[in-house]
Amino acid sequence: MAAYRALRTRSRETLNLVTRNIAPGPLEAGLAREILDAVASGFSDQIHFTEEMMRYPSLRGQEHTAQACFYDALASRGYAMDRWAIDVTEIEDHPGFSPVKVDYSNAINVVGTYQPGAIQGRSLILNGHVDVVPTGPLEMWSRPPFEPYIDGGWLYGRGGADMKAGLCANVFALDALRCLGLQPAGTVHVQSVTEEECTGNGALSALVRGYRADAALIPEPEENMLVRANAGVIWFRIHVKGRPFHVREAGQGANAIEAAYRLINALKELEVTWNQRRFDYPYFDSLDHPININVGKIAGGDWASSVPAWCTLDVRAAIYPGVDPKQAAGEIENCLMERSSSDPFLAHHPPRIEYNGFFARGYVLEEGSDAEAALARGHALSFGTELESFVTPGYLDGRVFVLYDDCPCLVYGPQSRNIHAFDERVNLESVQQITGTIALFVAEWCGLETIP
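Because the structure is a prediction, the values reported are computed rather than measured.

A few points about the overall build of the protein
A count of helical and extended segments in the protein gives 13 helices and 19 strands. Relative to its length of 452 residues, the protein is compact, with a C-alpha radius of gyration of 24 Å against a globular reference of 22 Å. Put simply, the protein has 452 residues, and 57% of those count as buried. For the protein, the proportion of contacts with a sequence separation of at least 24, taken over those separated by at least 6, is 84%. Summed over its atoms, the accessible surface of the protein is roughly 18600 Å², and 49% of this surface lies on carbon and sulfur atoms. Counting 37 positive and 57 negative side-chain charges, the protein places the averaged centre of each group 3 Å from the other.

Some points on the packing of helix α4 (residues 43-54) against helix α5 (residues 64-76)
It is the contact of α4 with α5, at a shortest axis distance of 9 Å, that shows an interaxial angle of 150°. With respect to α5, the element α4 is oriented roughly antiparallel. Only Ala66, Cys69, Phe70 and Ala73 of α5 make contact with α4, whose side of the interface consists of Phe49, Glu52 and Met53.

Here we look at the layout of surface pockets
Considering only enclosed or pocket space, the largest pocket measures out at about 1400 Å³ in volume. As for the largest pocket, its lining consists of 45 residues, and the residues nearest its centre are Val133, Glu197, Trp235, Phe358 and His420. Within the residue set of the lining of the largest pocket, elements represented by two or more residues are β10 (232-241), β11 (293-300), β12 (310-319), β13 (352-360) and β15 (389-392). Per element, the largest residue contribution to the lining of the largest pocket is four residues, and it comes from β12. Across the lining of the largest pocket, the residue classes tally to 20 nonpolar, nine polar and 16 charged.

Let's talk about the pattern of salt bridges
With the rule as written, the count across this model stands at 16 salt bridges. Measuring nitrogen to oxygen at the nearest pair gives 3.8 Å for the salt bridge that ties lysine 101 to glutamate 354. Residue lysine 101 is found in the loop between α6 (88-91) and β2 (108-114), and its partner glutamate 354 is found in strand β13; the two are separated by 253 residues along the sequence.

So, unusual backbone geometry
Cis geometry marks the peptide bond from aspartate 162 to methionine 163; its omega dihedral reads -10°. Its location among the elements puts methionine 163 in helix α7 (residues 160-179). Phi angles above zero are rare outside glycine, and asparagine 418 is one such case at about 60°. Turning to its location among the elements, asparagine 418 is positioned in the loop between β17 (416-417) and β18 (425-427). Taking the relative accessible area as the measure of exposure, asparagine 418 reaches 35% and is therefore partly exposed.

Overview of the side chain of serine 98
Assignment of secondary structure puts serine 98 in the loop between α6 and β2. Here the side chain of serine 98 touches threonine 199 through a polar contact of 3.0 Å, landing on its backbone oxygen.

Notes on the environment of leucine 180
If you trace the backbone, leucine 180 turns up in the loop between α7 and β6 (182-184). According to the relative accessible area criterion, leucine 180 is buried, its value standing at 1%. Between the alpha carbons of leucine 180 and glutamate 147 there is a distance of 33 Å; along the sequence they are 33 residues apart.

Some words on the packing of aromatic side chains
Enumeration over the complete set of coordinates arrives at 12 aromatic pairs. Between tyrosine 281 and tyrosine 320, the aromatic rings sit 4.2 Å apart at their centres with planes inclined by 5°, giving stacked as the arrangement. One end of the pair, tyrosine 281, is in the loop between α9 (256-276) and β11; the other, tyrosine 320, is in the loop between β12 and α10 (325-341), with 39 residues separating them in the sequence. Each ring, one from phenylalanine 284 and one from tyrosine 320, has its centre 5.6 Å from the other, and the planes form 90°; the classification is edge-to-face. With phenylalanine 284 in the loop between α9 and β11 and tyrosine 320 in the loop between β12 and α10, this pair connects stretches of sequence that are 36 residues apart. According to the relative accessible area criterion, tyrosine 320 is buried, its value standing at 4%. Within the aromatic cluster, the residues linked to one another by ring pairs are Phe49, Phe70 and Phe172. Sitting over the face of the ring of tyrosine 71, arginine 83 holds its NZ or CZ atom 3.6 Å from the ring centroid. The positively charged end of arginine 425 is found above the aromatic ring belonging to tryptophan 154, 5.8 Å away from the centroid.

Looking at the packing of helix α3 (residues 29-41) against α7
Running from N to C, α3 and α7 point in directions that differ by 115°, and their axes come no closer than 8 Å. Where α3 crosses over α7, the two elements pack in a sense that is right-handed. Taking contact as the criterion, the partners of Ile35, Ala38 and Val39 in α3 are, on α7, Ala176, Leu177 and Cys179. Residues belonging to the contact of α3 with α7 are distributed by class as follows: six nonpolar, no polar and no charged.

Focus on α10
Each full turn of the α-helix corresponds to 3.6 residues, which orients residues three or four apart in the same direction. The first and last C-alpha atoms of α10 sit 24 Å apart over 17 residues, in line with the 24 Å expected at 1.5 Å per residue. Here α10 has its buried residues at Pro325, Ala328, Ala329, Ile332, Cys335, Leu336 and Ser340. The buried residues of α10 occupy one face: seen down the axis, they fall within an arc of 130°. Facing away from the buried side of α10 by over 90 degrees, the exposed positions are Lys326, Glu338 and Ser341. Contact partners of the buried residues in α10: β10, α9, β12 and β13. The backbone nitrogen of lysine 326 lies 2.9 Å from a side-chain oxygen of the residue at the head of α10, namely aspartate 324.

Notes on the sheet that holds β11
Whether parallel or antiparallel, the strands of a sheet pair through hydrogen bonds between backbone atoms. Strand order in the open sheet made by the four strands is β11-β12-β10-β13, with antiparallel pairing throughout. The sheet terminates laterally at β11 and β13, the two strands that pair on one side only. Strand-to-strand twist across the sheet, computed as the mean angle between neighbouring axes with direction ignored, equals 15°. Where β10 and β13 come together, six bridges link them in antiparallel fashion. Each residue of the ladder has a partner; that of valine 233, found in β13, is alanine 360. Relative to the sheet, α9 contacts β10, β11 and β12, its axis offset from that of β12 by approximately 10°.

About the thresholds
Residues numbered from 1 in each chain as written. Predicted model: local features only at pLDDT ≥ 70, side-chain atom pairs only at ≥ 80, totals over all residues. Heavy atoms only, no water. Helix = DSSP H or I, 4+ residues; strand = E, 2+ residues; numbered from the N terminus. Rg over C-alpha atoms; globule rule 2.2 N^0.38 Å. Buried < 20%, exposed > 50% of the residue type's maximum accessible area, 1.4 Å probe, protein only. Contact = heavy atoms within 4.5 Å. Areas by Shrake-Rupley, 256 points an atom, 1.4 Å probe, with all protein chains shown as cover. Lys, Arg positive; Asp, Glu negative; His and termini not counted. Charge placed at Lys NZ, Arg CZ, Asp CG, Glu CD. Axes fitted to C-alpha atoms, helices over the stretch in contact; angles between N-to-C directions. Parallel < 35°, antiparallel > 145°, perpendicular 65-115°, else oblique. 1 Å grid on protein atoms, 1.4 Å probe; cavity = no way out; pocket = protein on both sides within 12 Å on 5 of 7 lines; lining within 4 Å. Points joined across faces, edges and corners; volume = space filled by probe spheres on them. Nonpolar A, V, L, I, M, F, W, Y, C, P; charged D, E, K, R; others polar. Salt bridge = Lys/Arg side-chain N within 4 Å of Asp/Glu carboxyl O. Polar contact = N/O pair within 3.5 Å; in protein donor to acceptor, adjacent residues only side chain to side chain. Phe/Tyr/Trp six-rings, centres within 6.5 Å; stacked < 30°, edge-to-face > 60°. Lys NZ or Arg CZ within 6 Å of the ring centre and 35° of its normal. Left-handed = near helix turned anticlockwise from the far one by under 90°. Expected span 1.5 Å × (residues − 1). Arc of directions from axis to C-beta. Pairing = 2+ DSSP bridges.

What follows is the structure in structure tokens.
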């Protein structure tokens, strides 16, 4: 904090300039430099807070402890606080809703709102998700996944890259402005949501609750680039029933696991067909393989000496922006039923399909928005390079803002390695530069005023 106070003292001349002109717009070079210096001075505290958040294993159904930590951090900064568990009844009729099969008691959303004395700038949502994916076998990690550590300029641990480093960057970008005696001249909502990894219902719940703004920014781990277009996602479970017999009479039975593999082959053929359609979709035509239909989990059978009577497959399928998930689900069902109809056993015992998570459309961020231009200027000042954009086939909560609130959502974040894998890590130099970009973007987008 001593470094913060020194920066604030050195910034009086800059503050006088800001006092005379608080309107949103491109920043004066001296002020931009002060902001980046403030980010650098606070970066050690930022890393410590990120590590603290990473120590909470905010797996699905366990998000509440990390959210309590984040709530306290925002409350201590004087934000107006809101916290709630997702209520399915409030969002299940929304077109962006995804079906859910788990209890939401611990699916807690947290929002801290900064409100200026007199609103003179544009509003902003700084969003991030606190939920993380399972670790997989612990013995495949170099160190325990929820004990963060730094090595060679990288911060290691589950959820650090995806996306607690970005979530914390939102907080410390605003801190950097505050340490200079500055605050946004527009309303800013700092959101930490759940369910990004499985339904997207957390961000949707915040929207339905009434949180809206002129722009949104989500610092997902996107290799220092802006997401231009994003695939939609469907989650579904295939239930296959077999005919159990003792293994000595296996020929009289029907193996549910083997039947499930025949259905997997049908899905892989559908994947080929969908990838051939990429030339019909802007931004996806340049990708070799934008659509993946992934069998992420398989379970079946009860006894090694019995022909298995059951098998379930958990599957994730990507879809192009503009494709209705209902349409894609219909194609999936037709694919499975056609394969079943030509199968001696499945023709009389067809699989059952259950939708148990993502049922989400993809989106395209249209080029040329004022928000993107402001982000590009901030990126150039922080990184010294032009902002690049790219297309990703992974799910992002940006679709909630773009599709259902007509709000430009900038998904842009740090360099990472091994997200959803072992030894997940995020590059700390990149995190600092991304935090600088966010701070500069807030300053330009919302405008600035001196703290009374």
